[in-house]
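# Descriptive structure summary
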Amino acid sequence: MPAGPLFDGPDRTVLTPAGAAREVRCPPGRTVSGVCHGTLGELYQGPLRAGAEPDIAVVSFPVDRHSWVHFTPGTGSPDPLPLGEKSATAARLFLEHFGLTLPPGRWSACSELRVGVGMASSTADIVATLRCLFRLFTLPYDPDVVLGVLAAIERADSVFLDEFALHLSGRHRVIRRLGTDIGFHTAYIIEPGTVDTAAVTDLLLEHYRRYGEEYERCLADLLKGFASGDPAAVARAATASAALSQSVLPKAAFDRMLAHRERFGADGVFVAHTGCLIGYLFPGRLDAGLKSDLSAFFHSLGHQCSFAQGGYG
């Protein structure tokens, strides 16, 4: 029997399978894995354009931190996926779409991504789960299927892509791919608490209506920076986006960090706009002395800092 549509909703094409469901055999006993990077918040989050009914547009900031999902075929019933309800739903939708049955076996998972702070942990878990399933059933990876699953579950970051993108997180629509030419080294902290993105959506949309023109200029500058391959211009626009977010979901360390940016030679400041993460953008690798100075500065603010490579380039 043909598999049915995966998702049917506004602004999305119905995902129908290419043909009738077919038997797909899984190699016995061989572990397969799916991996997905997370984010360090966003280089931009705001309206796509000024207007009375703004969409939430994001340019996520990919980071070299990951979520892993593994499946080892074996005997007995499949054990539960250990990543929670959203990943389990993603697996169910995948199987229903392709008309497949999960074989006996064992799931396992691991993640470097903190939950609820702006690292796209749940989206990365979902994408890693789907990538694992594509490999388990030896199916070609299909981003449209991934988008359909994400659209059925949550507002999502663009971690399903291996490049920067301007992305409507609620509509699950990629507006513009921005390539892999830009990269930064970062020093960042995670402030206390977590943010429920869904709970603050109305607050954000009202903020975007109030500051629509400022966001429009900020996004234009960011896209020009990507188009010209200018990391410093991208960093300036990211700083402007972070500054705009201060009046709606402020970071306690922002003013101090902005004041000391030039002292440390950072090109800009970035944040998880609906999270708890804030950091510096650097054009090159940090040496031990600079890492020590940054660590002392962040410690004086009451935080342990971390270092990671963000973006590509």
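Conventions we followed
- Residues numbered from 1 in each chain as written.
- Predicted model: local features only at pLDDT ≥ 70, side-chain atom pairs only at ≥ 80, totals over all residues.
- Heavy atoms only, no water.
- Helix = DSSP H or I, 4+ residues; strand = E, 2+ residues; numbered from the N terminus.
- Expected span 1.5 Å × (residues − 1).
- Buried < 20%, exposed > 50% of the residue type's maximum accessible area, 1.4 Å probe, protein only.
- Contact = heavy atoms within 4.5 Å.
- Core = buried A, V, L, I, M, F, W, Y, C linked by side-chain atoms within 4.5 Å.
- pLDDT = per-residue confidence, 0-100.
- Salt bridge = Lys/Arg side-chain N within 4 Å of Asp/Glu carboxyl O.
- Pairing = 2+ DSSP bridges.
- Phe/Tyr/Trp six-rings, centres within 6.5 Å; stacked < 30°, edge-to-face > 60°.
- Lys NZ or Arg CZ within 6 Å of the ring centre and 35° of its normal.

## Details of helix H1 (residues 85–98)
- Between its terminal C-alpha atoms H1 stretches 20 Å, which fits the 20 Å expected from 14 residues at 1.5 Å a residue.
- Every buried residue of H1 is accounted for by Ser87, Thr89, Ala90, Ala91, Leu93, Phe94, Leu95, His97 and Phe98.
- On its buried face, H1 sits against helix H2 (121–136) and helix H3 (143–153).
- Count one or two residues on from H1 and you reach Gly99, which has phi positive near 70°.

## Here we look at the nonpolar core
- One finds Leu43, Val59, Phe94, Phe164, Leu222 and Phe226 to be the most contacted residues of the largest nonpolar core, which totals 81 residues.
- In terms of residues, this core owes the most to one element, H2, which gives nine residues.
- Within the second largest apolar cluster, 19 residues are counted, among which are Ala187, Ile189, Met257 and Leu290.

## Side note on the confidence of the model for the protein
- Mean pLDDT over the protein works out to 88, with 88% of the residues at or above the 70 mark.
- This model gives residues 1–24 a pLDDT under 50, and the stretch forms 50 contacts once residues within four places in sequence are excluded.

## Remarks on unusual backbone geometry
- The backbone of Thr138 sits at a positive phi, close to 50°, despite the residue not being glycine.
- As for its position among the elements, Thr138 is in the loop between H2 and H3.
- For His172, which is not glycine, the phi torsion reads 55° and is therefore positive.
- Among the structural elements, His172 can be located in the loop between strand E4 (164–168) and strand E5 (173–179).

## Some remarks on the pattern of salt bridges
- Scanning the entire structure with this criterion turns up seven salt bridges.
- The salt bridge partner of Asp55 is Arg171, with a shortest N-O separation of 3.0 Å. Here Asp55 is found in the loop between strand E1 (32–47) and strand E2 (56–73), whereas its partner Arg171 is found in the loop between E4 and E5, with 116 residues between them in sequence.
- In this structure Arg171 comes out as partly exposed when scored by relative accessible area, which is 30%.

## Focus: the pairing of E5
- With five bridges joining them, E4 and E5 adopt antiparallel strand pairing. Directly across from Ala165, in E5, lies its bridge partner Arg177.
- The antiparallel pairing of E4 with E5 creates a hairpin that spans four residues between the two strands, and His172 there sits at a positive phi of about 55°.

## Quick word on the packing of aromatic side chains
- With the rule as written, the count across this model stands at 17 aromatic pairs.
- Where Phe71 meets Trp107, the ring centres are 4.9 Å apart and the plane angle is 70°; that geometry is what we call edge-to-face. Remark: Trp107 occurs in strand E3 (residues 105–111) and Phe71 occurs in strand E2; sequence separation between them is 36 residues. The two residues Phe71 and Trp107 agree in class, both being buried.
- Ring centres of Tyr208 and Tyr215 lie 5.2 Å apart, and the angle between their planes is 75°; on these two criteria the pair is classed as edge-to-face.
- For Tyr208, a relative accessible area of 2% puts it in the buried group.
- Grouped by ring-pair contacts, the aromatic residues Phe94, Phe98, Phe134, Phe137 and Tyr141 constitute a single cluster.
- Sitting over the ring of Phe307, Lys291 keeps its end group 5.3 Å from the ring centre.

## Section: H2
- Taking 1.5 Å as the rise per residue, H2 with 16 residues should run 22 Å; its terminal C-alpha atoms sit 22 Å apart, in good agreement.
- With 14 of its 16 residues buried, H2 lies for the most part within the structure.
- Of the residues flanking the end of H2, it is Thr138, one or two places downstream, whose phi is positive at about 50°.

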